[in-house]
Amino acid sequence: MRLELLYNLTMRAVQARYRGSWLGLGWSLLGPMLMLVLYTVVFTEVMRAKWPGLADEQGKLGFAVMVYSGMVLHALIAEVLASSPMLIVGQSNYVKKVIFPLDLLPVVAVGAAAVNLLVGVGLLLLLNGTIGTGLHAAALALPVILLPLLLFALGLAWLLAALGTFFRDLVQLTNFAATALLFVSPVLYPKSMVPHLMQPLLKVNPLTWPIESLRAALVNGIWPDWFGALLHIIVFAVFARIALGIYRRVQGSFADVL
Amino acid sequence: MYSETMKAIEVRHVAKVFPRGQHPWRMLWHALRRQPIAAAEGYAALSDISFSLRRGQTVGIIGRNGAGKSTLLQMICGTLQPSAGEIVVHGKVAALLELGAGFNLEFTGRENVYLNASLYGLSRKQVDDRLADILAFAEIGDFVDQPVKTYSSGMFVRLAFAVLAHVDADILIIDEALAVGDAYFNQKCMRFLHAFRERGTLLFVSHDTSSVMALCEHAVWLQNGRVREQGDAKTVCESYLADLFGTHNKVMDVETATVTDADPTDEKTPVDQRHQWLSHSNLRNDLEVFAFDPKGRRFGEGAAQIEHVALLSEVGQPLAWVVGGERVRLTIRVRLAQPLANPIVGFYMKDRLGQTLFGDNTWLSSCHQPLRGDGNVLEARFHFRMPYLPAGDYSFAAAVGDGNPAEHVHHDWVHDALMLRAQGGPVSGGLIGLPMQAVELEYYRVSA
């Protein structure tokens, strides 16, 4: 029953985003594509950047695929960062006026963002499969690569939604964090380009492993390291569970502060 | 399956304190430790409330605005946590707390029905089966496929109530939202609620004591956040009404000169024959009277000051509540700083748009016979039958002048001396309804 409610609400959140716009769901394709074109033009034409380890014949398209695979994953976390703190404040009806399982609200937000992620990954598969390096069997590992990131997103959403309801300033901070994360994650550059001294910093970034694994699997056909996958899943599952615990503990007081 | 004496709702020593101006850190700290805000640090909306409902019982909660009724309901529904005490609810609760809450304005009525019903735990399949019934109950026609932001408030409440009526709740909690529907829909809701009493528990909150008496066996009267009285609905409602009518009941000893109405009302004054019946139906036109506000907007020369304006019953008791069609007395008391040669006291009643509905003054009654006696206080009394008023806010403006209607000096004019709020009522058209002396409908046969 909760699953059905979750499904309804998520579909609704996805629809609500584009309701009334002419292109509708097409925007979740067009939006990232425009960004992709922008980044590719700026980096390859203006800054003449080269992706290390990328053969010349893969050219601009190869660069685009590399950047885009980082962008789709970053976009998920960026959306959670930007929307979670005001999630409860913006839907106070659900808190104050109806009987509602409140811990679902962050799940719905992550679910809606995940739909965008899936559209993006689908586009990536299509792009690389037709005019890139082609489809590889390692693409079957996609669920294992995406699961840790989704768990992290869920935990982040619960935590930020709980805190943001009390601290209205939080959203300003997380908006900045979303932009900062784009530059401190290996989105616009590969992990290997980062100086040795800063590698540990990159290691603790929750985006690093999923982005690198996604590129390896889709572009080069390399299967993810299973131990790393398991480790990330366990760590982020624990994180999400703790965040849910905190959320559930304080959700009874939401109505008092709205 | 359940025994008759099984409890549906138990409220034990419940209190609610709303935080006021607390720092967010402190609020979070309290929330994390699950420690409520102390009464001294906030606003105590409810204190020490205890009552219980048996399965199948219907209980009405009555009380004036701000008595804590909505807070109590929110806590029973679980949308608000009590600061102290405990609330135990057995069974599935469906609540109509506020108009259209839980509806998403951008989505159509149909989409909202599915979403709303799934909040109450109905599967898509179950809603499919009941959709026809729900839509038939709501009677919103083609609007079902329009976004609900285009709905009128009446359509909103009809749809919300229709969903509520079809989710198999064990306990229904209904706030005053019903007041927005039209009389026809109200009747339908009342029929549903009467039928629901056979199988479920009903908690009903209203200003309208007549519908509480009609629906509920028990009533709880809240006053200033405490239970003032609870027990048999009729008894509690009667003491509640007695209390309402008795507020502002202060006897003042003032010297007065009297202007007597030229045509005093007497027992022979015709009465609308339907009045008795109306007063005992839910078409009763309840008018809430707010106290005179001496600081309200006013202007004038100031040689005379309007000191008090009140609506009294025909025997002279101040009213905080009046029923349309009843005989009332409007008194305007003026304090004189200097004697006036030809005092005129008058009033207007205006609706919320500022349209003057009716009004009168003392000129005609006093122009032929000079006012005898003297004193420093002048009191004018207007005896009339309160018209039926369509739901909404009304105000009495009061004025005192010196001269005649064509040429006079305004000494004091108070814009919103008395405010009224009307609910319900049988007005079928026009700005006010007049008590009819007789209404007849008869067949004739006329040969061609």
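Check the entry above for the structure.
Residues numbered from 1 in each chain as written. Chains lettered and ligands numbered in written order. Predicted model: local features only at pLDDT ≥ 70, side-chain atom pairs only at ≥ 80, totals over all residues. Heavy atoms only, no water.

*Asks:* Go over the nonpolar core, please, and point to the residues and values.
*Replies:* In this structure, A:Ile77 and B:Ile173 are the most contacted members of the largest nonpolar core, which totals 116 residues. The element contributing the most residues to this core is helix H7 (residues 142-166) of chain A, with 15 residues. When sequence neighbours within four positions are dropped, the list of residues in contact with B:Ile173 reads B:Leu73, B:Ile76, B:Cys77, B:Val93, B:Ala94, B:Ala95, B:Leu96, B:Leu97 and B:Leu203. Counting 52 residues, the second largest nonpolar core, distinct from the first, contains B:Val127, B:Tyr151, B:Ala160 and B:Cys237. (Core = buried A, V, L, I, M, F, W, Y, C linked by side-chain atoms within 4.5 Å. Buried < 20%, exposed > 50% of the residue type's maximum accessible area, 1.4 Å probe, protein only. Helix = DSSP H or I, 4+ residues; strand = E, 2+ residues; numbered from the N terminus. Contact = heavy atoms within 4.5 Å.)

*Asks:* Before we move on, could you go through the pattern of salt bridges and cite the residues and values that matter?
*Replies:* Residues and elements named next belong to chain B. Across all of its chains, the model carries 14 salt bridges over all chains by this definition. A salt bridge links Glu86 to Arg12; its shortest N-O distance comes to 2.5 Å. A residue pair is termed long-range when its members are at least 10 positions apart, and Glu86 in strand S4 (residues 84-89) and Arg12 in strand S1 (residues 7-19) qualify at 74 residues. The partly exposed category is assigned to Arg12, whose relative accessible area is 34%. The partner of Asp129 in a salt bridge is Lys125, with the nearest N and O atoms 3.2 Å apart. Of this pair, Asp129 and Lys125 both sit in helix H4 (residues 124-138), four residues apart, which is roughly one turn of that helix. The same class applies to Asp129 as to Lys125, namely exposed. By sharing partners, the salt bridges in this structure join Glu10, Arg12 and Glu86 into a single network. (Salt bridge = Lys/Arg side-chain N within 4 Å of Asp/Glu carboxyl O.)

*Asks:* Explain the sheet that holds strand S2 (residues 42-54) of chain B to me, and be specific about the residues and the numbers.
*Replies:* Residues and elements named next belong to chain B. In spatial order, the strands read S2-S1-S4; together these three strands make up an open sheet with antiparallel pairing. The two strands at the open ends of the sheet, each matched to only one other strand, are S2 and S4. Across the sheet, the axes of successive neighbouring strands diverge by a mean angle of 20°, strand direction being ignored. As paired elements, S1 and S2 share nine bridges and run antiparallel to each other. Among the inter-strand pairings, Ile9 is bridged to a residue of S2, identified as Leu53. (Pairing = 2+ DSSP bridges. Axes fitted to C-alpha atoms, helices over the stretch in contact; angles between N-to-C directions.)

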